[in-house]
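# Remarks on the overall topology
Chain by chain, the residues run as shown.
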Amino acid sequence: MMEGVKFFLASHLLFDCLFIVFTAAPVSAAQSDVIVQDKFGGQILGFDIDQAGDEGVLCEYTDLNNGNVMAAVETLSQTTGAILAVVDKTMKSDDFVTLGVAGDSVGLIEQEHETRMTTVRRSFHLIDPLDSNKFTGAWTPPLDRNHLVELVSRNQGEPINAVWTLDLSENFEPTVFSTNVAANTFGPVIGITDQDFTSGATPGFAYDTATNQAVLGKAKLGNPFVPGAIATVDLTTGAFVKFSAVGDGDVNGLAVDPGSGTVCTTTEIDFSVEFYDLATKTGTRQILPNAPNQFYSGADVEFDATNKVFLVAQPNSSSAQSGSTIYEYSVKGALRKTINGLNFSNASNVIAAHIAFNPTTRIGFVDGPDITAGQIQSFKY
């Protein structure tokens with residue numbers, strides 16, 4: 001089972017270090033007032049929260065050790081952490097994966113059904129609106145049998161999202177396209193042929209709503225120890241533009257501020273966070289606070305367009321003696337807050353840690369603290 005799960009965790013190469021010096025930085029203690037426990041105690045396969053309401057959505061699964069899987073889709077309360085409804089549940093050879101909340105409060109769920117030992121049928125369900133707590137329709141992306149949806153951009157409140165698909169054939173040609181999830185409409189399917197982006201780890205991926213461009217970040221082909229590449233793809237014309245990155249290795253996280261054309265990334269090898277100006281194709285790099293080696297590299301990056309801040313996840317904290325940290329940076333790259341006391345170092349989990357947030361309440365959710373990945377926890381920023 002789980003052959004369709006599409007997220008790959010970066011392996012961390014550990015370098016020797018003698019000690020860590022903790023320097024002064026703006027600090028906000030994490031407020032894990034709300035811990036969401038999934039309904040059936042399985043592993044969470046993705047989650048998101050509604051930025052325009054109080055609900056969220058998660059998927060979970062448990063291997064029943066008899067050839068079948070318990071899989072469920074559940075909605076939750078951001079305020080109390082309670083599971084509000086079980087949208088669907090199966091006890092067959094199925095998985096559900098949360099692809100996100102899109103547009104105005106539209107939950108997007110992928111269902112993977114194993115029809116034979118090596119054949120998986122995939123379908124996509126909408127929960128529109130999320131607080132309806134039920135499947136309300138289908139999303140039917142333009143996929144051939146060789147491609148599967150790997151990433152859907154996180155830009156709630158906008159009608160259009162960008163989609164990145166993985167090529168499972170020997171052609172190694174991923175595709176990108178735009179979609180209005182609620183309306184089930186799609187832009188042209190654009191193949192990616194640049195070798196820096198056609199194989200290897202999943203790229204950093206975001207959608208610039210101001211320019212209708214997908215933004216990509218990745219390590220250079222064949223050498224993860226040198227500066228990687230940043231690229232934009234026009235989702236109308238297919239125009240592909242690439243420029244050199246300033247961070248070394250795989251791009252673990254990427255988000256874009258459409259208002260300023262600023263891209264924020266985290267990179268694996270140099271345990272750094274970078275800020276790029278898309279107009280000038282230039283960037284600056286800074287090591288994450290107190291980080292001495294790659295073990296402390298950053299992960300997911302998200303942009304809060306309301307409060308104009310980037311949220312950067314660090315699974316192994318270099319600003320606290322243990323646990324995980326979220327850093328809040330301004331659009332110009334200034335460190336605003338250091339939020340400690342979390343625990344989302346989930347290297348053994350199927351899906352990497354993800355930050356979801358509500359810009360009105362300035363409350364976010366992230367994986368943990370349960371090491372078996374059956375929980376998500378809140379924090380204030």
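Residues numbered from 1 in each chain as written. Predicted model: local features only at pLDDT ≥ 70, side-chain atom pairs only at ≥ 80, totals over all residues. Heavy atoms only, no water.

### Describing the sheet that holds strand S30 (residues 375-380)
- Sheet architecture is open: four strands sit in the order S2-S30-S29-S28, paired in antiparallel fashion. What marks the edges here is a single partner per strand, and that holds for strand S2 (35-37) and strand S28 (356-358). Going across the sheet, the axis of each strand differs from the next one's by a mean of 20°, ignoring polarity.
- In this sheet, strand S29 (residues 363-367) lies alongside S28 in antiparallel orientation, the contact comprising three bridges. By the bridge assignment for S29, Phe-357 is matched with Gly-364. (Pairing = 2+ DSSP bridges. Helix = DSSP H or I, 4+ residues; strand = E, 2+ residues; numbered from the N terminus. Axes fitted to C-alpha atoms, helices over the stretch in contact; angles between N-to-C directions.)

### Some remarks on the pairing of strand S13 (residues 175-180)
- S13 sits mainly inside the fold: six of its six residues count as buried.
- Burial along S13 is two-sided: the residues Thr-175, Phe-177 and Thr-179 and Val-176, Ser-178 and Asn-180 are all buried.
- Sheet analysis places strand S12 (residues 161-167) next to S13, joined by five bridges and oriented antiparallel. The residue of S13 that forms the bridge with Trp-164 is Val-176.
- Examined bridge by bridge, S13 and strand S15 (residues 190-191) share two bridges and lie antiparallel to one another. For Thr-175, the partnering residue across the bridge sits in S15 and is Gly-191.
- For S13 and strand S14 (residues 185-186), the ladder comprises two bridges, and the chain directions are antiparallel. (Buried < 20%, exposed > 50% of the residue type's maximum accessible area, 1.4 Å probe, protein only.)

### Comments concerning the confidence of the model for the protein
- Confidence in the prediction for the protein averages 91 pLDDT; 91% of positions are at 70 or higher.
- Low pLDDT (under 50) marks residues 1-24, which in the prediction has 63 contacts with non-local residues, meaning those over four places away or in another chain. (pLDDT = per-residue confidence, 0-100. Contact = heavy atoms within 4.5 Å.)

### Some thoughts on the pattern of salt bridges
- The final tally for this structure, using the stated rule, is nine salt bridges.
- Residue Glu-112 is joined to Arg-122 by a salt bridge in which the shortest nitrogen-to-oxygen separation is 3.7 Å. With Glu-112 in strand S8 (residues 106-116) and Arg-122 in strand S9 (residues 119-127), this pair connects stretches of sequence that are ten residues apart.
- Residue classification places Arg-122 among the partly exposed positions, given a relative accessible area of 26%.
- As a salt-bridge pair, Lys-242 and Asp-196 come within 2.8 Å of each other at their nearest N and O atoms. Placement of the pair is Lys-242 in strand S19 (residues 240-248) and Asp-196 in the loop between S15 and strand S16 (204-208), with a sequence separation of 46 residues.
- For Asp-196, a relative accessible area of 9% puts it in the buried group.
- Each of Glu-110, Glu-112 and Arg-122 takes part in a single network of salt bridges with overlapping partners. (Salt bridge = Lys/Arg side-chain N within 4 Å of Asp/Glu carboxyl O.)

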